[in-house]
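Tertiary structure, described
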Amino acid sequence: MMQTQSKARIEPTTVSVVRSMNDHGAMTVEATATNDTRHVVEYADGDLKETLAQLPAGASVPLELERVGGRGNCWRVTGLPSNR
């Protein structure tokens, strides 16, 4: 029997934009703390995608990221941290 896990809050990762978003909606970022390169290919919604499309290479921003699928290095942005 498969158990359902509750959705845990994703801790923000500060990233630096290596390659800004291309015509296919993909962008390459580097996690600042670990220097891991991540290929962002999905976004929680269109507004978030539009916001991130404005970022130039070299910009630094905290993102909530989760891995897409079990293989490869593809990531989904689930949100921007809120200022609470």
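1. What about the overall build of the chain?
For the chain, the count of helices and strands is 1 helix and 5 strands. Starting at the N terminus and ending at the C terminus, the chain contains elements arranged as β-β-β-α-β-β. A burial count over the chain gives 29% of its 84 residues as buried. Relative to all contacts within the chain whose residues are 6 or more apart in sequence, the contacts with residues 24 or more apart total 48%. As presented, the chain carries roughly 6,000 Å² of accessible surface, and 47% of it is formed by carbon and sulfur atoms.

2. Here we look at the sheet that holds strand S2 (residues 27-31)
As summarised here, the arrangement of the 5 strands in space is S1-S2-S3-S5-S4, forming a closed barrel in which the pairing is mixed. In this sheet, adjacent strand axes meet at a mean angle of 60° when their direction is disregarded. Relative to strand S4 (residues 60-67), strand S1 (residues 13-19) is paired through 4 bridges, and the arrangement is antiparallel. Bridge assignment links Val 15 to a residue of S4, and that residue is Val 61. Taken strand by strand, helix H1 (residues 46-53) contacts S2, strand S3 (37-43), S4 and strand S5 (74-79), and its axis lies near 110° from that of S5.

3. Things to note about the pattern of salt bridges
Side-chain pairs of opposite charge can arise whenever the charged atoms involved come near each other. Using the criterion set out here, one finds 3 salt bridges in the structure. Measuring nitrogen to oxygen at the nearest pair gives 3.9 Å for the salt bridge that ties Asp 36 to Arg 38. Relative accessible area serves as the criterion here: at 36%, Asp 36 is assigned to the partly exposed category. You can call Arg 38 buried: its relative accessible area is 12%.

About the criteria used
Residues numbered from 1 in each chain as written. Predicted model: local features only at pLDDT ≥ 70, side-chain atom pairs only at ≥ 80, totals over all residues. Heavy atoms only, no water. Helix = DSSP H or I, 4+ residues; strand = E, 2+ residues; numbered from the N terminus. Buried < 20%, exposed > 50% of the residue type's maximum accessible area, 1.4 Å probe, protein only. Contact = heavy atoms within 4.5 Å. Areas by Shrake-Rupley, 256 points an atom, 1.4 Å probe, with all protein chains shown as cover. Pairing = 2+ DSSP bridges. Axes fitted to C-alpha atoms, helices over the stretch in contact; angles between N-to-C directions. Salt bridge = Lys/Arg side-chain N within 4 Å of Asp/Glu carboxyl O.

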